[in-house]
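Coordinate analysis (summary)
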Amino acid sequence: MSRSVSEDYMASANSTSSKSTPMLKRAAASAYLGSVIEYYDFFVYSVCAALVFKDVFFSNLSPAVGTLASLATFATGYLARPLGGIVFGHFGDKLGRKRMLVLSMFTIGIASTAIGLLPTYEQAGLIGPVLLILIRVVQGVAIGGEWGGAMLMSAEHSTKNRGFWASFTSAGAPTGQLVSALVIAAVLALMGPEAFIAWGWRLPFLASILLLVVGIIVRSAVDESPEFLAAKTRAPSRRIPIVAALRDQPVTLLFAVGVGLSAFMFQGLLTTYSVAYGVQIGVEQQTILNALSFSSFFAIFGIIGWSRLSDTIGRRPLVIAGAVLIAVWSFALFPMIETKDGLIITIGMIIGQGVIHPMIYGPLAGLYSELFDTEHRYTGASLGYQIAGIGAGISPVLFAAIMSSADSPSTVPLSIVITAVAAISILCIWRLGETKSRNLSEQNLGETPTNTKNGTPPALPEGPTQ
């Protein structure tokens, strides 16, 4: 049964009264730092999967098949992420956001450290790659529960500019990627390719244990989400969060997946497949890593900047513009990589990852927080984001398979795939409508009706602001 407007307004007032600017800033800083640490672990794996693991864990296979197998293990982490969204989302909606965030960070930190201790194929045969896949699944489950909880801790502590504050979680991803690329590049430069492949690749994974200690300390200092606490003072929901999300808002969840899909497919192209493709056609590893580092740096500011703009003009205009540009740039990026010129490759990566990709990826945090009810928001937001995130895991494998099976070396088929997915994102955000003015204490309780004139859901009233 839906609640009255006055009851929703009182719930909003109660949750807002417990919010404070200092705690909001602490929550955003914690979300950012935690995301940096977790995505550092995740992207160290992605770079090593593209550059090293084919020689370390799949040395019994041909180079082409070894690369494909290595990228497939990379994809398993993404395939496991929706499971993490369901498991961590369930307990995050029932027990609280904070507990799950500490647990997810601890899990991925231990898993990443364990990868640095694994035996190679030459040392232990199939035991090495099997353990690698199992640990990668654990990584995926942990990070599947990370983003939704960290994003909600910022969004649910805020009273205005929700997209801006929530975006710090997303900004942690390219920061973690930047740190991982710099660490790998530094280790690679110090010891050379042969020593790095032999044993140096282990060092970035072993460093995870140090980052884990810092992250746990910072994350433990943040208070529980006011919106979650306010929801618990209302009549507690006895429904299972995943069941509630699928029953009350199935179409919303489906469109949420579609909105983010193009951004993640494009991310897989930029951060993983471009590395493997560049090295395959003769671009030096250091050149690709440098381009990835520069583009990741610009992505941090792109995510925060576009997200802040989305608080003003809305999520939908930026997502549509970003999807169109993703389609265009997918045709331009490969020719730029094929020049083998470091400057041209870097410019292509900066525009792709630092400017275009954040136009969709940045506003996703605010958007997903606004689509689902508090009682199943952790589950709904995590599931929508993580299912879409599978695109970043499968796209490198898909692209590698397309290129290996094609008679022509042309990359046009890959660009066509990206364009088709971009069209899906445009359709989905158009059907979802604008969400920036929604009140997080409001109960949607079912699919939000759309305005018959422009397809935009009616904006819900804002609660009091500080």
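Residues numbered from 1 in each chain as written. Predicted model: local features only at pLDDT ≥ 70, side-chain atom pairs only at ≥ 80, totals over all residues. Heavy atoms only, no water.

1. Brief notes about the overall build of the protein chain
Counting secondary structure elements, the protein chain contains 18 helices and 0 strands. Against the 2.2 N^0.38 benchmark of 23 Å for 466 residues, the protein chain shows a C-alpha radius of gyration of 21 Å, consistent with a compact globule. Here the protein chain holds 466 residues, and 59% of them are scored as buried. Contacts in the protein chain between residues at least 24 apart in sequence constitute 85% of all its contacts with a sequence separation of at least 6. For the protein chain, the separation between the mean place of its 29 positive charges and that of its 26 negative charges on side chains is 7 Å. (Helix = DSSP H or I, 4+ residues; strand = E, 2+ residues; numbered from the N terminus. Rg over C-alpha atoms; globule rule 2.2 N^0.38 Å. Buried < 20%, exposed > 50% of the residue type's maximum accessible area, 1.4 Å probe, protein only. Contact = heavy atoms within 4.5 Å. Lys, Arg positive; Asp, Glu negative; His and termini not counted. Charge placed at Lys NZ, Arg CZ, Asp CG, Glu CD.)

2. Let's talk about the packing of helix α14 (residues 285–313) against helix α16 (residues 342–369)
Relative to each other, α14 and α16 sit at 30°, their axes nearing to 7 Å. Between α14 and α16, the interaxial angle falls into the category roughly parallel. As α14 runs across α16, the sense of the crossing is right-handed. Tallied by class, the residues present in the contact of α14 with α16 amount to 16 nonpolar, 11 polar and no charged. (Axes fitted to C-alpha atoms, helices over the stretch in contact; angles between N-to-C directions. Parallel < 35°, antiparallel > 145°, perpendicular 65-115°, else oblique. Left-handed = near helix turned anticlockwise from the far one by under 90°. Nonpolar A, V, L, I, M, F, W, Y, C, P; charged D, E, K, R; others polar.)

3. Observations concerning unusual backbone geometry
Positive phi outside glycine occurs at N161, with the angle close to 50°. Secondary-structure assignment places N161 in the loop between α7 (127–155) and α8 (162–200).

4. A word on the nonpolar core
Residues F53, M151, W201, Y273, Y361 and Y368 are the most contacted members of the largest nonpolar core, which totals 118 residues. The element contributing the most residues to this core is helix α2 (residues 21–51), with 16 residues. (Core = buried A, V, L, I, M, F, W, Y, C linked by side-chain atoms within 4.5 Å.)

5. Points about α14
Between its first and last C-alpha, α14 extends 40 Å over 29 residues, near the 42 Å set by a 1.5 Å rise per residue. Among the residues trailing α14, G314 stands out with phi positive, at a value near 110°. (Expected span 1.5 Å × (residues − 1).)

6. A short note on the packing of aromatic side chains
Per the stated rule, a full pass over the model turns up 21 aromatic pairs. Judged by centre distance (6.0 Å) and plane angle (85°), the rings of F264 and Y361 are edge-to-face. With a gap of 97 residues between them, F264 in helix α13 (residues 250–280) and Y361 in helix α16 connect regions that are remote in the sequence. Take Y361: its relative accessible area is 2%, and that puts it in the buried class. Measuring from centroid to centroid gives 5.6 Å for F297 and F298, while their planes differ by 80°, and the two rings are edge-to-face. For F297, a relative accessible area of 38% translates into the label partly exposed. (Phe/Tyr/Trp six-rings, centres within 6.5 Å; stacked < 30°, edge-to-face > 60°.)

7. Section: the pattern of salt bridges
Evaluation of the coordinates by the stated rule reveals 9 salt bridges. The salt bridge involving D93 is made with R97; its shortest N-O contact spans 2.9 Å. Note on D93: relative accessible area 3%, which makes it buried. The class of R97 is buried, set by a relative accessible area of 0%. For the salt bridge of R219 with E146, the shortest nitrogen-to-oxygen distance reads 2.8 Å. With a gap of 73 residues between them, R219 in helix α10 (residues 208–219) and E146 in helix α7 connect regions that are remote in the sequence. (Salt bridge = Lys/Arg side-chain N within 4 Å of Asp/Glu carboxyl O.)

8. Focus on the packing of helix α4 (residues 63–95) against α7
Between α4 and α7, the shortest axis-to-axis distance is 6 Å and the interhelical angle comes to 40°. Between α4 and α7, the crossing angle belongs to the class labelled oblique. By crossing handedness, the relation of α4 to α7 is classed as right-handed. Across the interface between the two elements, T73, F74, T76, G77, Y78, A80, R81, L83, G84, G85 and F88 of α4 pack against L132, I133, R136, V137, G140, V141, A142, I143, G144 and G145 of α7. Of the residues contributing to the contact of α4 with α7, the split by class is 11 nonpolar, 8 polar and 2 charged.

9. Describing the confidence of the model for the protein chain
For the protein chain, mean pLDDT is 84; residues scoring 70 or higher make up 90% of the total. Overall, residues 1–13 carries pLDDT values under 50, and its contacts beyond four positions in sequence, including any with other chains, amount to 18 contacts. Note on residues 448–466: pLDDT is under 50 here. Beyond four places in sequence and across chains, it has 50 contacts. (pLDDT = per-residue confidence, 0-100.)

10. Focus: helix α5 (residues 97–115)
The terminal C-alpha atoms of α5 lie 28 Å apart, and with 19 residues this matches the ideal 27 Å at 1.5 Å per residue to within 8%. Considered for burial, the residues of α5 that qualify are R97, M100, L101, S104, M105, I108, G109, A111, S112, T113 and I115.

11. Overview of the environment of F106
Structurally, F106 can be placed in helix α5. A residue is classified by how much of its surface remains accessible, and F106, at 43% relative accessible area, is partly exposed. When the C-alpha positions of F106 and S395 are compared, they lie 28 Å apart, and in sequence the two are 289 residues distant.

12. Description of the environment of E227
Considering the arrangement of structural elements, one finds E227 in helix α11 (residues 226–233). For E227 and A155, which are 72 residues apart along the polypeptide, the C-alpha to C-alpha distance reads 9.3 Å.

13. Points about a nonpolar patch on the surface
A cluster of nonpolar residues, L83, I86, V87, F91 and L95, forms a patch on the protein surface that exposes about 390 Å² of accessible area. Examined against the element boundaries, F91 turns out to sit in helix α4. Under the relative-accessibility criterion, F91 is labelled partly exposed at 38%. (Patch = residues over 30% accessible without salt bridge, like charges linked within 9 Å, V, L, I, M, F, W, Y side chains within 5 Å. Areas by Shrake-Rupley, 256 points an atom, 1.4 Å probe, with all protein chains shown as cover.)

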